[in-house]
Amino acid sequence: MSTRQWARDLALGARFAVTGGREGWTRALLTAVGVGLGVALLLLTAAVPNLLDGRDRREDSRQDHAYAQDTLRPSDDTLLIAHANSDFRGSDLRGRLVEPEGPDAPVPPGVNELPKPGTMVVSPALKELLGSDEGRLLRDRLPFDIVGTIGDPGLIGSQELAWYAGGTGLAEQLGSPTVMRIDAFGADPSQYTEPLDPVLVMLTLVIFVVLLVPVGVFIATAVRFGGERRDRRLAALRLVGSDSRMTRRIAAGEALAGAVLGLLFGTVFFLAGREFAASVELFRISVFPSDLNPSPLLVLLVAAAVPAAAVVVTLLALRGVVIEPLGVVRTARPARRRLWWRLLLPLAGVGMLVPMLGQGRHNGDFNQYLVVGGVLCLLVGVTALLPWLVEAVVARLGAGGLAWQLAVRRLQLSSGTAARMVNGIAVAVAGAIALQMLFTGIDSQYTRDTGQDVSRAQMQVELPDGVPVAPAAAAFEKTESVRDVQALSYGYAYEKLTDDPEEAARGAQLTVGDCEALRMLAKLTTCRDGDVFALTGADYDTDTPALNKPGRALHMQPVGDPTAPQQDVVWTVPEGVKSAAAVQDPTGNLSSGFLLTPGAVTPGVEKRVSGRLWLGIDESVADAQELVRNTAASVDPLAHTSTWVATERTTRFDSIRTGLFVGATAVLVLIGVSLLVSQLEQLRERRKLLSALVAFGTRRRTLSLSVLWQTAVPIGLGLALSAVVGTILGAVLLRMTATPVRVDWGSVLGMTGVGAGVVALVTALSLPPLLRMMRPDGLRTE
Amino acid sequence: MSIGHTLLGLLESGPRHGYDLKRAFDAKFGHDRPLHYGQVYSTMSRLLKNGLVEVDGIEAGGGPERKRYAITEAGVTDVAQWLATPEKPEPYLQSTLYTKVVLALLTERDAADVLDTQRSEHLRSMRVLTDRKRKGDLADQLICDHALFHLEADLRWLELTAARLDKLREAVAR
Amino acid sequence: MTLSAPAGSLLAARDLEKTYGPTKALDGAAFSIHPGEVVAVMGPSGSGKSTLLHCLAGIVTPDAGSITYNGRELTTMNDSGRSALRRSEFGFVFQFGQLVPELTCVENVALPLRLNGTPRKEAERTALTWMQRLEVDDVRGKRPGEVSGGQGQRVAVARALVTGPRVVFADEPTGALDSLNGERVMELLTEAARSTNAAVVLVTHEARVAAYSDREVVVRDGKARDMERAV
């Protein structure tokens, strides 16, 4: 067979794909959109490695951790940098205070000049936020003048909120872990990079599989659109002399054209999506379009695999069909579907996932191939099981009304078609249910794991060393959203101070606070100002009892710049120290050491402690947390605020779940459209029959109902099966992440509800044409 | 086929010479069998005797071919009667029927009526045959079928002609 | 045309007009039929004979004119009333495409009875006796796609007669059959109809089929001409 002959057959098929009137175009368009969405998703997947690389590179280049800060002395090329990260309404806010110590101080990437004190440079997204009404609150927290923007090289994502502001007196804070002296930006190449959370990696993989499989199924269905019409056309070609191989090549050409059109659509979708990606933030991550570059090899793979898959599906579909010159002969009644091999797929899927059960996030990576393979097998298993299920159930469906009988008989005659129509829906729903379960499970795990007692305090503010705690507490008392303030100061005191690590000195924590605040840490029966308590009950604490001798002098640990000379401050254990049993503080810790009421603090000690404030929040006040953060920033830009309110995390996962729900719904709607197309095609073929049925008095209701049953029965079965498989998959995934299994009935109901909605919609949309075709015009033969 | 009625019909559109009549006849109906002069003259003299035509005038020079004939009232009635009378259904009657249809068109009568009347007559025969077939033995059935098929062929021709009446009217009018 | 329905007629129509878009399918057509009578409606393609049948059967409403069935005016009846009439008093046979492909033959025959609310078992029992009369009881369990054209058409006739209709409307019932099968179907149809005193409105363009009728009506240009009464 010559190449030219091949090319001619393929080209002929390709022409058939796009000709054939409005219907032909609709079919070609649907196929192209379906394939295109799949291709866009594939390209996106292919771009993920490059995307992560780009982010890593940028992140590395702006690293500002000092790994050898002890050796760095102030010089012309050093910079003091302080981390002042914060949150704003659920978004990360990366903040840095910078103070050059000389003319050659390093400048962070993306920044032209270090900002002077009182000024700052900001990322474009932050600039926009600060300029908007929404950002007015944040404006109070960042009382600096904007003198410039941070360029792309200094940001990891287009929507990142970041700022650098000029600072003063940072050297005094050098003892705090958030303040450093550096002589260059950029990561130490020898630095150990933290691997991605294995659970997150698994989630990402599962999300892609769950979204790709229905698209794959949809492509397979889309390629079969108008199959019967095509078969008749092929039969006509056989009549004028094409042999059976030629017809197969023509069919392949037709599928190929649809797939190539789909590739074009997909490229357009991807490019459009890439531009759109710059303006969205998901998982607290935003990207630069320039980072979304699929590797050429993967692009080539997609470009080759999609058309090949379309051709293979078409040829497989033609396998059961003999196209003769005088018409299409379907291979006589196909053998009853067997269950055993259909069960193999999902069982194999479970088999691949089971070894990873209970692994959790702490036991290293999941085998990515097994995760993908397992999820894939389970989901594809749905498409294998569904035809069997539909056939088995439909064959047993008994008597009922006339509408029911018509629908059931029709399904019995062509259960394969019915199952194929709902396969996509079933797979999408199964995947979505599993993912929803996983998110809900992990979600509850995150909030449970903190162990924090949020009933006593919901936020905590850590003040930098040496910042007096009383004025800060007063500032928070005045904050609108704060109900309650408990202030404590922490310091450490040792028997003797030494730099020699070999010589371990005994030491104890000193905690300063009023009686009310101290009661968060210990059971105090009586407490008056001037009292000192020694804590008992903390694990492994042998130092406190040993040091609790009246008159014992303890040297306070210095704070501030370790390179600067420090004065020795001594606290002497007084007479009458009372014993007190430690209780869990709001973070779940048992404290040790000594508790000092303010009256027991000797001069100098107050300079060697750092304050921590526990805040009770009135959540009913709008932007309650943001107001607290603002106060903290006004107290000191380096004050660090943390939130223990569980609801913040929940809302973050809520948005992911909403995204997933929307995505799954979009896939379902796409499949619904294809359902509608085949439904209409089928109705048109029965036009004559419908008119005849109307002629001898069939009620419209009867026929409408039978159309409804005809869609509802297979979709109902599909949804039931996908609920089961989705729940199993969700449970397995939850067990893999070592999360207690809990069925998320909300998502099961939600997704099956959407599926049912699609049925209703498809039926509703096919009713007007049905009623139109039920008019007697269909009887006219002239 | 009745040459007398045909010639009468041809005269309805206006008086003609014998020679003209022959030419008109040949052109419209005598495709493979042109009419003899003698036939025309003998037919005309019979019609004359029966008062269906009259001599409209004789041109100078004498001789039978110089006579001009015109149709009488009785002649018109005779043509109408003939057209209205269904032909006995028999094989190969198309030519008669054809003549009737064309004449009906020429005389601006309803040719469709002619066809309908004929179909009705045919169907009547066919009903009798069908009934006989249902009650009869195989020989009866075969004999009846033979006749039925012939009649059916006629009827098909009738339908075909009826469907083409407009075209035929144009062709005839030329 | 007569102004009132001929005496004793079961179904009569006069002055029927019906327009489909630019084409006038019926233009003053009249028709009448007596109980037990078989009337052939003939005429060329596009003459409006199917439209006449659809109007007479109450499937479509004419734009003008009147149709009386058993003294009741069809043109003013609402759709559900006409549907009920079609279910209980009329039977239908079409050329093809009328059997529900996924139902078995006996289920197809039982269909009109079930539309009238007869329980399934009883409906299928009655259906079977009619299939025996039409000599197709051997294919009761098969689907329409698995039986021959002649058998399928006889199943359709059985279905048209199963409710004991007063009028059977047959639109080219033998159009897709060869002459032997066509004749068999016509014989069974007319015999069964005569035995139940049902009237048959038979639309056909085939003379040999029309020969099974008692008289014929010719439709031309939307006008129906009753040959017997005209002569």
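Thresholds applied
Going along each chain's sequence as written, the residues are numbered from 1 onward. Following the order in which they are written, the chains are lettered starting with A and the ligands numbered starting with 1. Restriction of local features to residues with pLDDT of at least 70 applies here, the model being predicted, together with a cutoff of 80 or more for giving and counting side-chain atom pairs; totals for whole chains, interfaces and linings are based on all residues. Hydrogen atoms and water are omitted, and side-chain values are computed over all heavy atoms in the structure. Secondary structure elements are defined from DSSP: runs of H or I of at least 4 residues count as helices, runs of E of at least 2 residues count as strands, and each element is numbered from the N terminus. Note on exposure labels: buried denotes an accessible area under 20% of the residue type's maximum, exposed denotes more than 50%, and partly exposed covers the range between, all computed with a 1.4 Å probe on protein chains only. Here, residues are in contact when the closest pair of their heavy atoms is within 4.5 Å. Reported accessibility uses the Shrake-Rupley method at a 1.4 Å probe radius. Residues are deemed covered only where the shown protein chains occlude them. Pairing between two strands requires that DSSP report at least two bridges joining them. Lines fitted to C-alpha atoms define the axes here, with helix axes fitted over just the stretch in contact, and angles between the N-to-C directions of these axes take values from 0 to 180 degrees. Here the quantity called buried area is the total loss of accessible area, with a 1.4 Å probe, experienced by two parts when brought into contact, counted for both. Criterion for a salt bridge: a side-chain nitrogen of Lys or Arg within 4 Å of a carboxyl oxygen of Asp or Glu. Polar contact is the term for a pair of N or O atoms within 3.5 Å; when the atoms are in protein, one must be able to donate a hydrogen and the other to accept it, and sequence-neighboring residues count only if both atoms are side-chain atoms. Gly falls in the polar group here, along with every residue not listed as nonpolar (Ala, Val, Leu, Ile, Met, Phe, Trp, Tyr, Cys, Pro) or charged (Asp, Glu, Lys, Arg). Residues enter a patch when their relative accessible area is above 30% and they make no salt bridge; the linking distance is 9 Å between like charges and 5 Å between nonpolar side chains (Val, Leu, Ile, Met, Phe, Trp, Tyr).

- Per an unreviewed UniProt entry, the recorded name for chain C is ABC transporter ATP-binding protein, and the organism is Streptomyces erythrogriseus.

- Within an unreviewed UniProt entry, the label attached to chain B reads PadR family transcriptional regulator, and the organism entered is Streptomyces labedae.

1. A closer look at the overall build of chain C
Then, number 1: The helix and strand inventory of chain C stands at eight helices and 10 strands.
Then, number 2: Every one of the 231 residues in chain C was classed for burial, and the buried ones make up 60%.
Then, number 3: Considering only contacts in chain C between residues 6 or more positions apart, those separated by 24 or more positions represent 68%.
Then, number 4: Roughly 8,300 Å² of accessible area belongs to chain C as shown, and the carbon and sulfur atoms make up 49% of that amount.

2. Some remarks on the environment of A:Cys377
Residues and elements named next belong to chain A.
Then, number 1: Its place among the elements puts Cys377 in helix H10 (residues 368-396).
Then, number 2: Overall, the relative accessible area of 16% leaves Cys377 in the buried class.
Then, number 3: Placed 26 residues apart in sequence, Cys377 and Gly351 show a C-alpha to C-alpha distance of 9.8 Å.
Then, number 4: Those residues in contact with Cys377 that sit more than four places away from it in its chain are Leu345, Pro346, Gly349 and Met352.

3. Focus on the sheet that holds strand E1 (residues 11-20) of chain C
Residues and elements named next belong to chain C.
Then, number 1: Spatially, E2-E1-E4-E5 is the arrangement adopted by the four strands of the open sheet, whose pairing is antiparallel. Each edge of the open sheet is held by one strand with a lone partner, namely strand E2 (23-33) and strand E5 (72-73).
Then, number 2: Across eight bridges, E1 lies against E2 in antiparallel orientation. Residue pairing in the sheet places Glu17 in a bridge with Asp27 of E2.
Then, number 3: Sitting on the sheet, helix H1 (residues 49-56) is in contact with E1, E2 and strand E4 (64-69), with an inclination near 60 degrees to E2.

4. Digging into the interface of chain B and chain C
Then, number 1: Taken together, the contact pairs 19 residues of chain B with 21 residues of chain C.
Then, number 2: Between chain B and chain C the total buried area reaches about 1,800 Å² when both faces are included, carbon and sulfur atoms providing 50% of it.
Then, number 3: If you look at where chain B meets chain C, you find five salt bridges.
Then, number 4: The partner of C:Arg220 in a salt bridge is B:Asp116, and the shortest N-O contact between them spans 2.9 Å.
Then, number 5: Joining chain B to chain C, the criterion identifies six residue pairs in polar contact (both at pLDDT 80 or more).
Then, number 6: Only helix H6 (111-135) and helix H7 (138-163) of chain B provide two or more residues apiece to the side of chain B that touches chain C.
Then, number 7: The leading source of residues in the side of chain B that touches chain C is H6(B), at 12 residues.
Then, number 8: Looking at the side of chain B that touches chain C residue by residue, the class counts come to seven nonpolar, three polar and nine charged.

5. Here's the deal with the pattern of salt bridges
Then, number 1: On inspection of all chains with the given rule, the structure shows 38 salt bridges over all chains.
Then, number 2: Between C:Asp214 and C:Arg194 there is a salt bridge, with its nearest N and O atoms 2.8 Å apart. Highlighted residues: C:Asp214 in the loop between helix H7 (207-210) and strand E9 (215-220) and C:Arg194 in helix H6 (residues 179-195), separated in sequence by 20 residues.
Then, number 3: Overall, C:Asp214 belongs to the partly exposed group, its relative accessible area being 33%.
Then, number 4: Overlapping salt bridges bring together B:Lys133, B:Asp145, B:Glu152, B:Arg156, C:Glu183 and C:Arg208 as one network.

6. Some words on a nonpolar patch on the surface
Residue and element names in this part refer to chain A.
Then, number 1: Together, Trp340, Trp341 and Leu344 make up a nonpolar patch on the protein surface, roughly 370 Å² of accessible area in all.
Then, number 2: With respect to the helices, strands and loops of the structure, Leu344 is situated in helix H9 (residues 340-353).
Then, number 3: The class for Leu344 is partly exposed, based on a relative accessible area of 48%.

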